[in-house]
Amino acid sequence: MDDLDLYGRRLSSRLLLGTAQYPSPACLEHAVRAARSEIVTVSLRRESGGPSGGQPFWKLVQGLGCRILPNTAGCHTVKDAVTTAHMARELFDTPWIKLEVIGDDDTLRPDVFGLVEAARILCVEGFEVFPYTTDDLGVAGRLLDAGCRVLMPWAAPIGSGRGLTDPYALRTLRAHFPDVPLIVDAGIGLPSQAAAAMEMGYDAVLLNTAVARAGDPVRMAAAFAAAVGAGRSAWLAGPMGERDMASPSTPVMGLAQWT
Amino acid sequence: MTIFVNGEAQAHAANLAALLERMALSGAAVATAVNGCFVPRSQRERTRLDDGDHVEVLAPMQGG
């Protein structure tokens, strides 16, 4: 078996899916099933009541049978993120928290200083923190020092679909922390980009917009599932090394002499 | 006396549990905070609300 181990929970799927922006609740449900995801992300927002409120949505999500990864999306301060995490722990009955402390509204770049501080507080309190971070090696080390046992570096700004904007940085993270589960979170736009992350040895991919905003979200979810599986298999198979010059694949030995 | 519930001014309620009952959310999947501090479900009954308090009532919602 090639299970993914996240805080002691073993999972066979390596594609985590967000639940926002789908054209309908039914589409969300079908997309999660097509993606074969075992973890879905959710948020906490003010209860408005009625059919667009949180209760019908929660009922739908419970029916998916997935593990819930609540987020602190939209939090700009350590205090807001920690309070939201406390509320999420009670509401979803899970120690898991996708920790977001946003530092810039245009790029949704994490405030990495606040992120480390919030992670330290939550880890001490028994949370199992999934920090949404940049690809910065130093920050990654600080997050691990704070108690995180999973890291979720971005590929590109949330919702941008720009793909792996700095493959070198992502490769460096992978090489530096070979035993830490690394999940590329945010910025993936295409299945080929997800496959590329997995081919680098990333353990999983978390995405939302690329599926939810596709013309056919259910088909795109299936495409991402296939790409993540292919990328994982490629990593396990051991990709060949690159070289600058050609190397004939057909044997030179035994080549006919025509003169 | 006025309290603010999810940013909206509302008539005062004696405590957090009474407020949720008035909102028909007693048994709902919601989490609560008063003045920026999380209030666990078990503390709602004994959490008195004072004039000007800001209450957040949050529910599961779509998220990435």
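What you see is a predicted model, and the numbers here were worked out from it, not measured in a lab.

Comments concerning the interface of chain B and chain A
- Between chain B and chain A, the residue contacts involve 24 residues of the former and 27 residues of the latter.
- In this assembly, chain B packs against chain A so that about 2,200 Å² is buried in total across both faces, 60% of it on carbon and sulfur atoms.
- Across the chain B-chain A interface, the total number found is 2 salt bridges.
- In this structure, R46 of chain A and E56 of chain B form a salt bridge, with 2.7 Å as the shortest nitrogen-oxygen distance.

Points about the sheet that holds strand β7 (residues 128-133) of chain A
Residues and elements named next belong to chain A.
- Strands sit in the order β6-β7-β8 across an open sheet of 3 strands; the sheet is parallel. The sheet is open, and its two borders are formed by β6 (96-99) and β8 (152-153), each paired with just one other strand.
- As judged from the 4 bridges shared by β6 and β7, these two strands associate in the parallel manner. Residue pairing for β7: K98 is matched across the bridge by F130.

Here we look at the nonpolar core
- L6, L99, V129, F130, I183 and I188 of chain A are the most contacted members of the largest nonpolar core, which has 87 residues in total.
- The contacts of I188 of chain A, once residues within four sequence positions are left out, are A155, G161, L164, Q193, A194, V205, L207, A210 and F224 of chain A.
- Formed by 15 residues, the second largest nonpolar core is a distinct cluster that contains L20, V55, V57 and A59 of chain B.

Overview of unusual backbone geometry
- Of note in this structure, L108 of chain A is not a glycine but carries a positive phi near 55 degrees.
- Residue placement: L108 of chain A occurs in the loop between β6 and α4 (112-124).
- Judged by relative accessible area, L108 of chain A falls into the partly exposed class, the value being 27%.
- In the Ramachandran plot, A24 of chain B falls in the positive-phi region, its phi being about 60 degrees despite a non-glycine side chain.
- Relative to the elements of secondary structure, A24 of chain B occurs in the loop between α1 (16-22) and β3 (31-34).

Some points on the pattern of salt bridges
- Scanning all chains against the criterion turns up 12 salt bridges over all chains.
- Note that E90 of chain A is salt-bridged to R44 of chain B, the shortest N-O span being 3.7 Å. Here the residue E90 of chain A occupies a position in helix α3 (residues 78-92), and R44 of chain B occupies one in the loop between β4 (37-39) and β5 (54-62), the pair thus bridging two chains.
- We classify E90 of chain A as buried; its relative accessible area is 18%.
- Across the salt bridge formed by R48 of chain B and D50 of chain B, the nearest N and O atoms sit 3.4 Å from each other.
- Accessibility expressed as a relative area gives 36% for D50 of chain B, which makes it partly exposed.
- What emerges from the salt-bridge pattern is a single network uniting D2, R14 and R232 of chain A.

Focus: the pairing of strand β4 (residues 39-46) of chain A
- The buried fraction of β4 of chain A is high, at 6 of 8 residues.
- Where strand β3 (residues 15-18) of chain A and β4 of chain A come together, 2 bridges link them in parallel fashion. Note that in β4 of chain A the partner of G18 of chain A across the bridge is T41 of chain A.
- Across 4 bridges, the pairing between β4 of chain A and strand β5 (residues 67-70) of chain A is parallel. Bridging across to β5 of chain A, V42 of chain A finds its partner in P70 of chain A.
- At this point the chain moves from β4 of chain A, through helix α2 (residues 54-64) of chain A, to the parallel β5 of chain A, and the crossover so formed is right-handed.
- Here β4 of chain A pairs with β5 of chain B via 5 bridges, running antiparallel. Its bridge partner being in β5 of chain B, R46 of chain A is matched across the sheet by L58 of chain B.

What counts and what doesn't
- In every chain, residue numbers begin from 1 and rise along the written sequence.
- Just so you know, chain letters begin at A and ligand numbers begin at 1, following the order they were written in.
- Local features in a predicted model are, by the rule used here, given only for residues with pLDDT of at least 70; side-chain atom pairs are given and counted only at 80 or more, and totals for whole chains, interfaces and linings are based on all residues.
- Side-chain metrics rest on all non-hydrogen atoms present in the structure, leaving aside hydrogens and water.
- A contact between two residues is defined here by any heavy atoms of the two lying within 4.5 Å.
- Buried area is calculated as the accessible area (1.4 Å probe) missing from two parts once they are joined, with the contributions of both summed.
- Whenever Lys or Arg places a side-chain nitrogen within 4 Å of a carboxyl oxygen from Asp or Glu, that contact is recorded as a salt bridge.
- In this description, strands pair whenever DSSP reports at least two bridges between them.
- Strands here are runs of E lasting at least two residues and helices are runs of H or I lasting at least four, both read from the DSSP assignment and numbered beginning at the N terminus.
- Put simply, a nonpolar core is a bunch of buried Ala, Val, Leu, Ile, Met, Phe, Trp, Tyr and Cys residues held in one set by side-chain atoms that sit within 4.5 Å of each other.
- Note on exposure labels: buried denotes an accessible area under 20% of the residue type's maximum, exposed denotes more than 50%, and partly exposed covers the range between, all computed with a 1.4 Å probe on protein chains only.
- Here the term right-handed applies to a crossover when the path leading from its first strand over the helix to its second strand runs clockwise, the strands being oriented away from the viewer.

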